[in-house]
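# Analysis of the macromolecular model
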Amino acid sequence: MKTMYKFNRMEFAGSLGDLGTLLPIAIGMILINGLNPLGLFLSIGFYYIVSGIYFRVTVPVQPMKVIGAYAIATGISASQILASGLLIGLFLLLIGVTGAITLIGKYTPKSVVRGVQLSTGVLLMAEGVKFMIGTSKFQVLRQVAEPYLTLQHLGPVPIGIIIGVIGSIFTFLFLENRRLPAGLLVVLGGTFVGLVLGNHEGFDQLRIGVNLPEFLPFGLPSGADFAIAFFLLALPQIPMTLGNAAIAYADLSEEYFDKASEKVSYRSACISMAIANFISFIVGGMPLCHGAGGLAAHYRFGARTAGSNLMIGIIFVALAVFLGVHALSVLYLLPMSILGVLLLFAGGQLSLSVIDMKERKELFVSLMILGITLASNLAVGFIVGIGVAYAFKSDKLNV
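Residues numbered from 1 in each chain as written. Predicted model: local features only at pLDDT ≥ 70, side-chain atom pairs only at ≥ 80, totals over all residues. Heavy atoms only, no water.

## Description of the packing of helix 11 (residues 223-257) against helix 18 (residues 378-393)
The contact between helix 11 and helix 18 brings their axes to 8 Å, and the two run at 70°. The angle between the axes of helix 11 and helix 18 places the two elements in the roughly perpendicular class. Contact with helix 11, carried on its side by Pro-236, Pro-239, Met-240, Gly-243, Asn-244 and Ile-247, involves Leu-378, Ala-379, Phe-382 and Ile-383 of helix 18 and no other residues of that element. When grouped by side-chain class, the residues that make up the contact of helix 11 with helix 18 number 8 nonpolar, 2 polar and no charged. (Axes fitted to C-alpha atoms, helices over the stretch in contact; angles between N-to-C directions. Helix = DSSP H or I, 4+ residues; strand = E, 2+ residues; numbered from the N terminus. Parallel < 35°, antiparallel > 145°, perpendicular 65-115°, else oblique. Contact = heavy atoms within 4.5 Å. Nonpolar A, V, L, I, M, F, W, Y, C, P; charged D, E, K, R; others polar.)

## Section: the side chain of Ser-168
The residue Ser-168 is located in helix 9 (residues 159-173) in this model. Once residues lying within four places of it in the same chain are set aside, the contact partners of Ser-168 are Met-132, Val-341, Leu-344 and Phe-345.

## Quick notes on the packing of helix 3 (residues 37-55) against helix 14 (residues 307-323)
Viewed as axis vectors pointing N to C, helix 3 and helix 14 meet at an angle of 155°, and their least axial separation amounts to 7 Å. For the element pair helix 3 / helix 14, the angle class is roughly antiparallel. Crossing of helix 3 against helix 14: the hand is left-handed. Contacts from Leu-38, Phe-41, Leu-42, Ile-44, Gly-45, Phe-46, Tyr-48, Ile-49, Ser-51, Gly-52 and Ile-53 of helix 3 reach helix 14 at Asn-309, Leu-310, Ile-312, Gly-313, Ile-314, Phe-316, Val-317, Ala-320 and Val-321. Its residues assigned to classes, the contact of helix 3 with helix 14 shows 15 nonpolar, 5 polar and no charged. (Left-handed = near helix turned anticlockwise from the far one by under 90°.)

## Notes on the packing of aromatic side chains
Throughout the structure, instances matching the rule amount to 10 aromatic pairs. Their ring planes at 10° and their centres at 6.4 Å tell us that Tyr-48 and Phe-316 sit as a pair that is stacked. Of the two residues, Tyr-48 is situated in helix 3 and Phe-316 in helix 14; the sequence distance between them amounts to 268 residues. Ring centres of Phe-257 and Tyr-299 lie 5.9 Å apart, and the angle between their planes is 70°; on these two criteria the pair is classed as edge-to-face. In this pair, Phe-257 sits in helix 11 while Tyr-299 sits in helix 13 (residues 292-300), placing the two residues 42 residues apart along the sequence. For Phe-257, a relative accessible area of 8% puts it in the buried group. (Phe/Tyr/Trp six-rings, centres within 6.5 Å; stacked < 30°, edge-to-face > 60°. Buried < 20%, exposed > 50% of the residue type's maximum accessible area, 1.4 Å probe, protein only.)

Okay, structure coming up:
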């Protein structure tokens, strides 16, 4: 029987693998949308720990990216963000408890699942490159590539590109090294750069204490908040959550962990995400989900057991409880380009899932979903992909 919990360098390195997805959206929603840092980081840490204990394998915790991207870009209110999390939580609970998600997953063709994984992987890789060259939405809004470093250029070359290239080289060289895991090396190296070259924003206000979350820190959302959240945030997010955070995630977990992931099902993933969003709503955090990309990131950098969940979960809980609203000052030490390196390699790992597509028609569906995703969004690609896959099965289409 395999050990459910391991606490070693590889697990710790793997636990850090998805920071590239998690931190930029989390920090953006705190700074731009006014979410509560204490509630946000506490809910993330708690979700990591509880999901790891229950599922007994490595489990990713991610922000809902459609909601996060739209919220940061438009600056909508914290109450509207929380309302969207509650609405999606109710929807996920409904389809999870009734078993509707099991039927959806059963009749979702494998080519569509692989297309979702491929598209998510490519998006992560593209976002990783953007973080290195300084063109991600968060960096554009801050109007600087490395907002927390004092040095922006080394000669004519942006410092982010230099850090990103060096980080990528070290990641590639140490990717299979168990004595010095690549994820740990890159994150520690990035933190060292932040200590040496960082502007140390907020360090003068750091105080260690015991901070407890405030329940409903923004009060109950109004009817207008729920209406805006439903049409602008929840509806666009739901197809992506079903395709990536439930179906593609559960399938990838089975692929990685085989029988050890028997508790990870479409149904349990939905119920798990529902509970997480109810808790996040209560303490003022952001909408949370699982995700195939997050799992690929953790796995690529060494996570193989639920021990990785406990380690990263404890870190986030400690940041929230002991530093409270000032926890951001510690996270600012990690350069944006280092987060880009993590995204680049995590995306590559997830994109490779498409290599088991042997049939020409199946590969076409996966690639078509990628094309639609790049032209529009993943939700549209997921929906169209299902239709095309079934058209192939009924011999109404040929390629």
